[in-house]
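Descriptive analysis of the structure
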Amino acid sequence: MDTQDVAAGNAVQRTMALLGSLPDPDSQESCIDRLQLVEQATRMLAGDKAQTTSRFVDYREADEAAVRVPTSDRLKGIEAEVGLARGESPYVGAALTSTATALTTVLPQTFAALNAGRVSEYHARVVAEQTSHLAEAHRREIDAAIAHRLGQASTTQLRRLIQGHAYRLDREAAEARAEQHKARRRVCLDPAGDGQVYVTAELPTHQGLAIMDTIKQLTDKRISAGAALDEDGQPLTRDQVMTDLFVELLTGQTTADGVRAEVVVVMHDTTFLGDDNLPAWLLGHGPLPAGTVKDWLADPHAATFFRRLYTRPTDGQLVAMDSRARRFPDGLAKMLKIREDTCATPWCNSPFQESDHRIRWADGGATGWTNATGLCRRCNQRKERRGWSYTGTCDELTVTTPTGHAYTVDTRPPLAEIKHWNSDPPPLGAIDIAWATAA
Ligand SMILES: [Zn+2]
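Residues numbered from 1 in each chain as written. Predicted model: local features only at pLDDT ≥ 70, side-chain atom pairs only at ≥ 80, totals over all residues.

**Description of the overall build of the protein**
Broken down by element type, the protein carries 17 helices and 10 strands. A burial count over the protein gives 23% of its 439 residues as buried. (Helix = DSSP H or I, 4+ residues; strand = E, 2+ residues; numbered from the N terminus. Buried ≥ 20, exposed ≤ 12 C-beta atoms within 10 Å, placed from the backbone.)

**Digging into the pairing of strand E8 (residues 389-392)**
Taken residue by residue, a regular strand's side chains alternate between the two faces of the sheet. Across 4 bridges, E8 lies against strand E9 (residues 396-400) in antiparallel orientation. Bridged to Gly392 within E9 is Leu397. Two successive antiparallel strands, E8 and E9, enclose a turn made up of 3 residues. (Pairing = 2+ DSSP bridges.)

**Quick look at the pairing of strand E1 (residues 186-193)**
Little of E1 sits inside the fold, with 0 of its 8 residues counted as buried. Relative to strand E2 (residues 196-202), E1 runs antiparallel, the two being bridged by 7 bridges. Counted as the bridge partner of Pro191 is Val197 from E2. Hairpin connection of E1 to E2: 2 residues between the antiparallel strands, including Asp194 at a positive phi of 55°.

**Description of the sheet that holds strand E4 (residues 280-282)**
Reading across from one edge, E3-E4-E5 is the order of the 3 strands in this open sheet, with antiparallel pairing throughout. Edge positions in the sheet fall to strand E3 (265-266) and strand E5 (286-288), since each has one partner strand and no second.

**Some details on the sheet that holds strand E10 (residues 406-410)**
Within the open sheet, the 3 strands sit side by side as E8-E9-E10. Their pairing is antiparallel. Of all the strands in the sheet, just E8 and E10 have a single pairing partner and so form its edges. For this sheet the average axis-to-axis angle between neighbouring strands, irrespective of direction, equals 20°. (Axes fitted to C-alpha atoms, helices over the stretch in contact; angles between N-to-C directions.)

**Some remarks on the nonpolar core**
Membership of the largest hydrophobic core comes to 38 residues, with the highest contact counts inside it found for Leu103, Leu107, Leu114 and Cys343. Secondary-structure elements contributing two or more residues to this core are helix H3 (28-66), helix H4 (78-85), helix H5 (90-105), helix H6 (108-115), helix H7 (121-130), helix H8 (136-146), helix H9 (155-169) and E9. Broken down by element, the residue count for this core peaks at 5 residues, all from H4. Viewed by domain, this core spans two of them, domain 1 (3-183) and domain 4 (307-439), each represented by three or more residues. (Core = buried A, V, L, I, M, F, W, Y, C linked by C-beta atoms within 7 Å. Domains from an automatic or database assignment.)

**Some remarks on the packing of H3 against H6**
Two numbers describe how H3 lies on H6: the axes approach to 7 Å, and their chain directions differ by 130°. Of the possible angle classes, the one that applies to H3 and H6 is oblique. Between H3 and H6, the residues in contact are Arg43, Met44, Ala46, Gly47 and Ala50 and Phe111, Leu114 and Asn115, respectively. A breakdown of the residues in the contact of H3 with H6 according to their chemical character gives 5 nonpolar, 2 polar and 1 charged. (Parallel < 35°, antiparallel > 145°, perpendicular 65-115°, else oblique. Contact = placed C-beta atoms within 7 Å. Nonpolar A, V, L, I, M, F, W, Y, C, P; charged D, E, K, R; others polar.)

**Considerations on the confidence of the model for the protein**
Summary statistics for the protein give a mean pLDDT of 84 and a share of 88% for residues scoring 70 or more. When mean pLDDT is taken per element in the protein, H6 scores highest with 98 and helix H1 (residues 3-8) scores lowest with 51. Below pLDDT 50 for its whole length, residues 426-439 participates in 29 contacts with residues either more than four positions away or in separate chains. (pLDDT = per-residue confidence, 0-100.)

**Some thoughts on the environment of Arg238**
Tracing the backbone shows Arg238 in helix H12 (residues 238-251). What makes Arg238 partly exposed here is the crowd of 14 C-beta atoms within 10 Å. The spacing of Arg238 and Ile223 is 15 residues in sequence and 8.1 Å in space, taken between C-alpha atoms.

**Overview of helix H10 (residues 171-183)**
Turn by turn, an α-helix covers 3.6 residues, leaving residues three or four places apart pointing in a common direction. Here H10 is 13 residues long and its end C-alpha atoms lie 19 Å apart, about the 18 Å a rise of 1.5 Å per residue gives. The element H10 is barely covered by neighbouring structure, given that only 0 of its 13 residues are classed as buried. (Expected span 1.5 Å × (residues − 1).)

**Some words on the packing of helix H11 (residues 205-224) against H12**
Running from N to C, H11 and H12 cross one another at 115°; their axes reach a closest spacing of 9 Å. Pair H11 / H12 crosses with right-handed handedness. Residues Ile215, Leu218, Thr219, Arg222 and Ile223 of H11 lie in contact with H12, whose contacting residues are Arg238, Val241, Met242, Leu245 and Phe246. Along the lines of polarity and charge, the residues of the contact of H11 with H12 split into 7 nonpolar, 1 polar and 2 charged. (Left-handed = near helix turned anticlockwise from the far one by under 90°.)

**Brief notes about unusual backbone geometry**
One non-glycine residue, Leu75, adopts positive backbone phi at about 60°. For Trp347, which is not glycine, the phi torsion reads 70° and is therefore positive. Relative to the assigned elements, Trp347 resides in the loop between helix H15 (330-340) and strand E6 (354-357).

Structural data, given as structure tokens:
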């Protein structure tokens, strides 16, 4: 069943009708009264979700034991099933599943507070996550120790309180956790909107402080030398100088503006050659103002390559040829990247990593546009497990989980969706698969 069907279902409507007995929001005071009561109800419903999730895990475990699924293979993929049922990514689904298990087993006080509407679902999740590395007995002890603060403490206070208790109870585990985190150091790139990105590094505190110290010292030096000016000779702000130095130090370029990078952007011809208001689309990152991208392309030092892609006029869906090869040809894989942009599994935010045959090649699935899906590595692996299937056309994808629940999403290229926002995709089956070309 689709989540929309569940939301529109009679049982849910009947339940919502009960809210009619709450005070009408007809004055400032009654609005706040109603808000508090609805918030309490939301928390109690979150308690129900935790209980239901935990029961789902128990049933699955019992079923798998009954059919002798090897222990190491049990409960695989349940995080995605919980995520799909709740309209969340597999990553969030995993956090919700482990929170539900913890609440219903080792965090009885927090669970009771959630069921009574005294603590929010988010704070209950903080308690579960902040204690997840501890032994069961220690989790129970912290649960009891912080119970009186639930519903009073802010998120930061709650986190620090739990960390303090965790260090007190198991110093070694805390130190091991710090070591594990050090091993997990990483650098990430995330869109920040308006043509900007965040480059974030997760690293040991002293190293982070050293980086900021170095940048600050060099910034002071540049400013006091009178060298912190823009191309018109106007003084740059301290933040601008620090950011330029960050780029120069990491790329080895002498000026931040001189950096080179490979960027793949998609633009409609009406934007590139004409002057319409559509954005450009940076693969894997999302929309950018077209003018910004045109400035990049106009840079005389930029090596620019163009690849022309053909779209169906009614709705901008890309048209492509099929291939006899088992592997996706480069052109088809690139087009798939444009269509999906991120992993195609509903609500999964992970980047596109693998081109996949929806129906396996071994089972007669063609290497073609209609049978292709762009997935992240984890979704691609999970899809091969018992009970999962990915089906559909190039315009939509239906993911069916081991419980038989199906989730359907549209798969139009995001830029086409913006251009053709007010036109419906043509009926299924009327798709004209033509060809793709590289210019
Ligand atoms: Zn995914």
